[in-house]
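A look at the structure
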There are 2 protein chains.
Amino acid sequence: MSTIKDIAKNAGVSVATVSYVLNNNRYVSPEKKERVLAAIRELNYAPNAAARGLRAGESRTIGLIVSDLSNPFYPDLAKACEDAAQKHGYAVHMINTNDRPERMEQAAAQAREGKVDGLIVASALEADRELLQSLRERGFPLVLAHRRLDGLDADLVESDNFEAGLLAARHMLRLGHRRISFLAGVAGSPISRLREAGYRQAMAEAGIDVLPAWVQSGEAKYAASYERMLGYADLPSGERPTAVINMSDIGAMGVLDAAADRGLRVPEDVAVMGFDDLFLAAFRSVRLTTVRIPRSELGRRATELLLDRIADAKLDRRHEVLPVELVVRGTCGGERG
Amino acid sequence: MSTIKDIAKNAGVSVATVSYVLNNNRYVSPEKKERVLAAIRELNYAPNAAARGLRAGESRTIGLIVSDLSNPFYPDLAKACEDAAQKHGYAVHMINTNDRPERMEQAAAQAREGKVDGLIVASALEADRELLQSLRERGFPLVLAHRRLDGLDADLVESDNFEAGLLAARHMLRLGHRRISFLAGVAGSPISRLREAGYRQAMAEAGIDVLPAWVQSGEAKYAASYERMLGYADLPSGERPTAVINMSDIGAMGVLDAAADRGLRVPEDVAVMGFDDLFLAAFRSVRLTTVRIPRSELGRRATELLLDRIADAKLDRRHEVLPVELVVRGTCGGERG
DNA sequence: GTGAAAGCGCTAACAA
DNA sequence: TTGTTAGCGCTTTCAC
């Protein structure tokens, strides 16, 4: 690898001059400039990032922490984040925690070492609060995406989860359902809490008492949701919920499959909804009615907020709520599309 | 952010001593050591990565280039890569190219700037050959994963694509099919070429002439495969392939959906297979028979090879071929599982 | 055992 | 208009 000195020597100028043409922040005579450029081409030179970073005190890289890359929710968010960052000359350093706390610690370490200039946390867990708070206290730029962490002094972009729950439940209600189940996410998850609140509000508006058996916390993943639907299927049909709203599209797939395995027809015997609107929800063999969570927008806005914050640390804290949208397909009947 | 100087001052020792305890590569008296450790804790110090990197001439970071993060194929590969890298103290810098050449150039730039110590390319395109070759010529550590690039002087880990094609076609043959279609990937893709060769070999073994209409190149994605299956569906039933092997599980979903849209039953009217064995292939509503491509192993081995190469640049070039596996589900009949 | 100081590659203040 | 040089934070050689 050649250095700026090699270029200077090759072009017969000082290193300062090379630096000037590199950053073009000083006038350099056309002849010298051309010689420098030629030397750069000839030696295939690229300025060393570590040296630049050390000098400038920044890495021009942001970190993106996601909890589970295999969840199709995150790749879209990550892509949008990368696109937005790139537009501003930043690279994205993605870290997949698999919800393991030690991975989060590694991410924080990278922050403290200056490997990244700021962090987007797309999966903040209660367990991460202290770590993230300590980062913030040291003034480290941080934005939470998708999952909020109440009381944490950081910028936040989320979707309108209350509205999402409201939309879902109202849709079921409109279709005539009364026994509507809400299969929530892990207890304490703010996303789940908000959506459940929306669901409860819709039920209250309709004058329906929500029975305890209708609302269950747990993992929103395929297997857990499958099991929970199996539980409903074993109920006598007069007690069984006629509609099931699941915290995620992936979980809704489990509900759908469990219903099928028990000979329950969708939507005739059970109507099913999810949240997210993943690509698989659109498959003809699925046609899942769902509430779309704007993941790309989440990623893009989070990045923009972070970049703003990096540029100006004393901005007021911001909190953005992105709109969600009902997507009607086949699993509740009344398909439009 | 505090620096090593702050620690030295706080602990009343020299920066050298701080460095020694940081890296613990010299004997330091217990008392001083304790004072240094205390100062580090007190000031919440972490050594600056840029300074270290500059000094050491390495970033302890590897780059992972994937072509499309939204394709569920890659996240699993990326996770395995991250796990393996982490085990050796390396971070992973993921870059999503979306198959755009300029993104590949940015990745190469990061390599030349020393932001990463080596690169795993999980989606090498013909168009990238020159760029990658020039990196190799400068001795930059590079390993190709999943997609080979003939003639490129780089380590390679791929799956046994010829065998995969063979397995798929033989499975259909065993089930009694004769008119077996192979919906290939983009023309010229080595993966597609190899799998097609396996398919053709199986057909030849069975003494069947492969009709031109049975083999079609194109995108292996949902929409393109959907269209191609629609084309088959319009054929008189005596000419229509009774079995369709698609280059990817996602594409096979398109085939499945097109068949359903045309009232064709699976597997009675058409048997369908994919490649990959994505999580969605296992859904009860899908139950796709497929050939499993070992994506996690691909990611893990690629990382190990790269780390080896970083440690020792003059290793012989390596080429590993990972085994694939037939996964029988419902879309061809004869389900075992 | 510990410390002073050189130097990794770069930028920019200052001098000329 | 261009060059000299200090210094970013760290590691390590060399000296004591």
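Cut-offs used in this document
Residues numbered from 1 in each chain as written. Chains lettered and ligands numbered in written order. Predicted model: local features only at pLDDT ≥ 70, side-chain atom pairs only at ≥ 80, totals over all residues. Heavy atoms only, no water. Near = heavy atom within 4 Å. Polar contact = N/O pair within 3.5 Å; in protein donor to acceptor, adjacent residues only side chain to side chain. Helix = DSSP H or I, 4+ residues; strand = E, 2+ residues; numbered from the N terminus. Nonpolar A, V, L, I, M, F, W, Y, C, P; charged D, E, K, R; others polar. UniProt positions renumbered as here; feature names shortened; annotations may be inferred. Least-squares fit on C-alpha atoms with pLDDT ≥ 70 in both. Contact = heavy atoms within 4.5 Å. Phe/Tyr/Trp six-rings, centres within 6.5 Å; stacked < 30°, edge-to-face > 60°. Buried < 20%, exposed > 50% of the residue type's maximum accessible area, 1.4 Å probe, protein only. Lys NZ or Arg CZ within 6 Å of the ring centre and 35° of its normal.

- Taking an unreviewed UniProt entry as the reference, chain A is identified by name as LacI family DNA-binding transcriptional regulator belonging to Cohnella cellulosilytica.

Here's the deal with the protein's contact with DNA strand C
- Taken together, the neighbourhood of DNA strand C is formed by 25 residues, with Ile-4, Tyr-45, Arg-52 and Arg-55 of chain A together with Thr-17 of chain B sitting nearest.
- Ala-51 of chain A is positioned such that a nitrogen or oxygen atom in its backbone is 3.4 Å from a base nitrogen of DNA strand C.
- Tyr-20 of chain B is positioned with one of its side-chain polar atoms (N or O) 2.9 Å from a base oxygen of DNA strand C.
- Residue assignment for the surface near DNA strand C shows that the elements contributing at least two residues are α2 (15-23) and α4 (49-56) of chain A together with α2 (15-23) and α4 (49-56) of chain B.
- Of all the elements, α2 of chain A adds the most residues to the surface near DNA strand C, at four residues.
- Taken together, the residues of the surface near DNA strand C break down into twelve nonpolar, eight polar and five charged.

Here we look at the UniProt feature "domain: HTH lacI-type" (unreviewed entry) in chain A
- According to UniProt, the feature "domain: HTH lacI-type" (unreviewed entry) maps to residues 2-56 of chain A in the numbering used here.
- From the first C-alpha to the last, residues 2-56 of chain A spans 20 Å; its make-up is 71% helix and 0% strand.

A look at the relation of the copies chain A and chain B
- For the pair chain A and chain B, the relating rotation is 180°, the translation along its axis is 0.0 Å, and the fit reaches an RMSD of 0.1 Å. On this basis, the relationship between the two copies can be described by a two-fold rotation axis.
- Counting the interface residues of chain A, we find that 100% of their copies in chain B are interface residues as well, pointing to one common contact surface.

Description of the packing of aromatic side chains
All names here are of chain A.
- Within the structure shown, the criterion is met by twelve aromatic pairs over all chains.
- Taken together, a centroid distance of 6.4 Å and an interplanar angle of 70° make the contact between Phe-182 and Phe-275 edge-to-face. Highlighted residues: Phe-182 in strand β6 (residues 180-183) and Phe-275 in strand β9 (residues 271-276), separated in sequence by 93 residues.
- Among the residues examined, Phe-182 registers a relative accessible area of 0% and is labelled buried.
- The exposure class assigned to Phe-275 is buried, which follows from its relative accessible area of 0%.
- Between Phe-279 and Phe-283, the aromatic rings sit 5.9 Å apart at their centres with planes inclined by 80°, giving edge-to-face as the arrangement.
- According to the relative accessible area criterion, Phe-279 is partly exposed, its value standing at 31%.
- The class for Phe-283 is buried, based on a relative accessible area of 5%.
- We note Arg-195 situated over the ring of Phe-275; from NZ or CZ to the ring centre the distance is 4.4 Å.

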